[in-house]
Structure formats: structure tokens, C-alpha cells
Amino acid sequence: MNRSTEMMSFVSGGLMKVANNLRQLVPVRYSSFIGKDLTKFYKTAHITQVVGQPGYYEINLDTKKLKTPVGNVFQVPGESLALAVAAEWNTQEEKIKRHTMHITSLCNTAIDNPTHRTRSQVVRAICHYLGSDTLCYRMAEPEKLLAFQKANWDPVLLWFKTRYGIELEPTEGIVSPEISEATYLALEKQLTSYTDWTLVGLQQLVECLKSLSLALALCESEIEVQRAVYLSRLESAFQTEQWGSVEWYHDIEMQETQARVAAATLFIHFCHDFSSMQTKHKHTLLS
């Protein structure tokens, strides 16, 4: 078995597991809200290198090139990312369930840029999540919940301060933490080192977790996906431990969030790996 086949098998297996978990958890009445599925029209998805663009790959569904929603040819940076997309298409059965194809969706966004935003606009939008970071908002009562939040959230904020030199002061109630313009500019400067593709993944992480500090901790492998999702839903976790939950609903919501966060995290790491390889190759040529 060659390297590409091994990687495809690994990624496909992981995505299939997520898909199977979702199928088991989603009741019939829930699936009707997800949208119309397409009938599968191909047998196999595979990748090919793009001629004239070193390191870029296309996805083929049988003999047809995959295209984005607006008709652009689907081309992605790096073999790992291409294999992950192909795996999503290969895990589809009789119907193409587009809502389960999170990595494909991220690639479509990166290629099409449907909101037509510039790079600087995306960076600034991500940075402004600092002012609404979930980890900054504490509940004064009950005291057990406040202690629970401090014990679980403070270590992440301490890491964020150490790594980025930015101290996020927790606040109680609905009062927003005060963040200076200089702080925003400092963080913007650091995020400009991210590629356009990586920023697409980071934005999805922030939107899913409602926390920039958690998203960046995931990007830098400081925490794992399950832990990040748990911390982003800490108040809900506390209430569940105290009073229980509506089992099927909370399981569905948790699985969907974890799937989206896991996909965005993989997407970011694949894009970062590609960028690092390109930089090394460039330095090699110049040496």
C-alpha cells in the first residue's frame, strides 16, 4: 500500500466514523430540516496534481473534475487536504449528504470567497471576537458555576496571555471586557502570518466555539477538539451535570459541533503543513 492510499484510508476511516455517529443520533424528524440530499452520481473520488501549479491538487469524481458552487475548478493546496476532500466524497452512500462534508465546504469558501471580503477584513473580523470571547463571561451565581468556570477557563486565558502577550480580563454578567485598539492591532499583526486558507478555517473555529482564545489554542495543538468543544459549552455542561439533559438533542448538537470543529482543525493543519513545505522548498532553491 503506497503513502497516498494509506493516508486516504486513515482519513476516510475517521470521517466515516463521524458520519456513522451522526446517522445514529439524528432522528427522522431532525433530518428534514437539513436540506435536500443529492443522488450519488459517481463511483469513486480521486485526486490528480494540477499541471503548472506545484503542490496543488484537483478532485475528480470518476472522470469529471469537481467544481465549486459558483463553477470554479476545485483546486486545493497540498496532497493531505486533497485526500481529505476525496475521503468525504467517498464516504457518501446512495445520497450525497452535503451537510456532513465540512472540509469540502471550507475549501469552497476559500476558493470562491462568497462574501467578497479582503484578507485584512477577514483578519479584523476574527480579531473582534476578542470582545465577545466566551471564556471572559462569568456567572456570579451560583458560586459553584463560577468556581467551575475559573478552574476550567483560567488555564486557557493564562496560555493566551503567555503566547500572545494579551491579557483578557474576565467579567461577570453581560458587561463586555475592555480591549484597547492597540491590543486588536497587535493580534492582527500576528494573524497576518496565516495564509488566506488558514484564516477560513480559523474563522469557522471561532464561530463554532465562540472563543478566539480556544480557537488559537486548537490551532497550536495546546488542546484537543473534544476538550475545546467542552470548554465552549461549559455552562451547559454544568447544568447537565446538575439537572440532566434532553439526551438526543444535546448529543446531536455536540456531535455536529465536534464534527465542524474537527474538520476546521484538520483543515488548518493541512494548510499550515503545505505552507511550511512551500517555504522550505523556496529556501532550498535560494540556498
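Rules used in this analysis
Residues numbered from 1 in each chain as written. Predicted model: local features only at pLDDT ≥ 70, side-chain atom pairs only at ≥ 80, totals over all residues. Heavy atoms only, no water. Helix = DSSP H or I, 4+ residues; strand = E, 2+ residues; numbered from the N terminus. Buried < 20%, exposed > 50% of the residue type's maximum accessible area, 1.4 Å probe, protein only. Contact = heavy atoms within 4.5 Å. Areas by Shrake-Rupley, 256 points an atom, 1.4 Å probe, with all protein chains shown as cover. Salt bridge = Lys/Arg side-chain N within 4 Å of Asp/Glu carboxyl O. Core = buried A, V, L, I, M, F, W, Y, C linked by side-chain atoms within 4.5 Å. pLDDT = per-residue confidence, 0-100. Phe/Tyr/Trp six-rings, centres within 6.5 Å; stacked < 30°, edge-to-face > 60°. Arc of directions from axis to C-beta. 1 Å grid on protein atoms, 1.4 Å probe; cavity = no way out; pocket = protein on both sides within 12 Å on 5 of 7 lines; lining within 4 Å. Points joined across faces, edges and corners; volume = space filled by probe spheres on them. Nonpolar A, V, L, I, M, F, W, Y, C, P; charged D, E, K, R; others polar.

**Details of the overall build of the protein**
Stage number 1. Along the protein, the regular secondary structure elements total 12 helices and 8 strands.
Stage number 2. In the protein, which comprises 287 residues, the share counted as buried stands at 43%.
Stage number 3. Counting only contacts in the protein whose residues sit at least 6 apart along the sequence, the fraction spanning at least 24 positions is 67%.
Stage number 4. With an accessible surface of roughly 16000 Å², the protein has 55% of that area assigned to carbon and sulfur atoms.

**Concerning the pattern of salt bridges**
Stage number 1. Counting across every chain of the model gives 8 salt bridges.
Stage number 2. A salt bridge links R119 to D196; its shortest N-O distance comes to 2.5 Å. One end of the pair, R119, is in helix α5 (residues 119-127); the other, D196, is in helix α8 (residues 196-209), and 77 residues separate them in sequence.
Stage number 3. Note on R119: relative accessible area 30%, which makes it partly exposed.
Stage number 4. Judged by relative accessible area, D196 falls into the partly exposed class, the value being 45%.
Stage number 5. R124 serves as the salt-bridge partner of E181, at 2.9 Å between the closest nitrogen and oxygen. Here R124 lies in helix α5 and E181 lies in helix α7 (residues 181-191), a separation of 57 residues in the sequence.
Stage number 6. Residue R124 is classed as partly exposed on the basis of its relative accessible area of 28%.
Stage number 7. One network of salt bridges, in which partners are shared, links R124, E181 and E188.

**A short note on the side chain of T257**
Stage number 1. Tracing the sequence through the fold places T257 in helix α12 (residues 247-286).
Stage number 2. If we skip the residues at most four places from it in the chain, T257 touches C208 and V229.

**A few points about the nonpolar core**
Stage number 1. Among the nonpolar cores identified, the biggest contains 73 residues, and L202, L216 and F267 are the most heavily contacted of them.
Stage number 2. When residues no more than four places from it in sequence are discounted, the contact partners of L202 are I126, L191, Y194, A215, L216, C219 and I268.

**A few points about the confidence of the model for the protein**
Keep in mind that low pLDDT regions are not for reading the predicted coordinates in detail.
Stage number 1. Overall, the prediction assigns the protein a mean pLDDT of 83, with 80% of residues at 70 or greater.
Stage number 2. Under a pLDDT of 50 for its full length, residues 14-35 has, in the predicted model, 22 contacts with residues more than four places off or in other chains.
Stage number 3. Contacts from residues 283-287, a stretch scored under 50 in pLDDT, to residues over four places away or in other chains number 0 contacts.

**Observations concerning the packing of aromatic side chains**
Stage number 1. A complete count under the given rule lists 6 aromatic pairs for this structure.
Stage number 2. Note on F41 and Y42: the rings are 5.3 Å apart at their centroids and 75° apart in plane angle, and the pair reads as edge-to-face.
Stage number 3. Ring centres of F160 and Y164 lie 5.2 Å apart, and the angle between their planes is 40°; this geometry places the pair in the tilted category. Placement of the pair is F160 and Y164 together in helix α6 (residues 143-164), with a separation of 4 residues, close to one helical turn. One exposure class covers both F160 and Y164, and it is buried.

**Observations regarding α5**
Stage number 1. For α5, the set of buried residues is V122, V123, I126 and C127. Axial view of α5: buried residues confined to an arc of 135°, hence all on one face.
Stage number 2. Elements that come into contact with the buried residues of α5 comprise α7, α8 and α9 (212-219).

**Overview of the layout of surface pockets**
Stage number 1. Estimated volume of the second largest pocket: approximately 410 Å³.
Stage number 2. At the level of elements, α4 (102-112), α5 and α8 are the ones that each hand at least two residues to the lining of the second largest pocket.
Stage number 3. In terms of residue count, the dominant contributor to the lining of the second largest pocket is α8 (7 residues).
Stage number 4. Split into classes, the residues belonging to the lining of the second largest pocket amount to 7 nonpolar, 7 polar and 4 charged.

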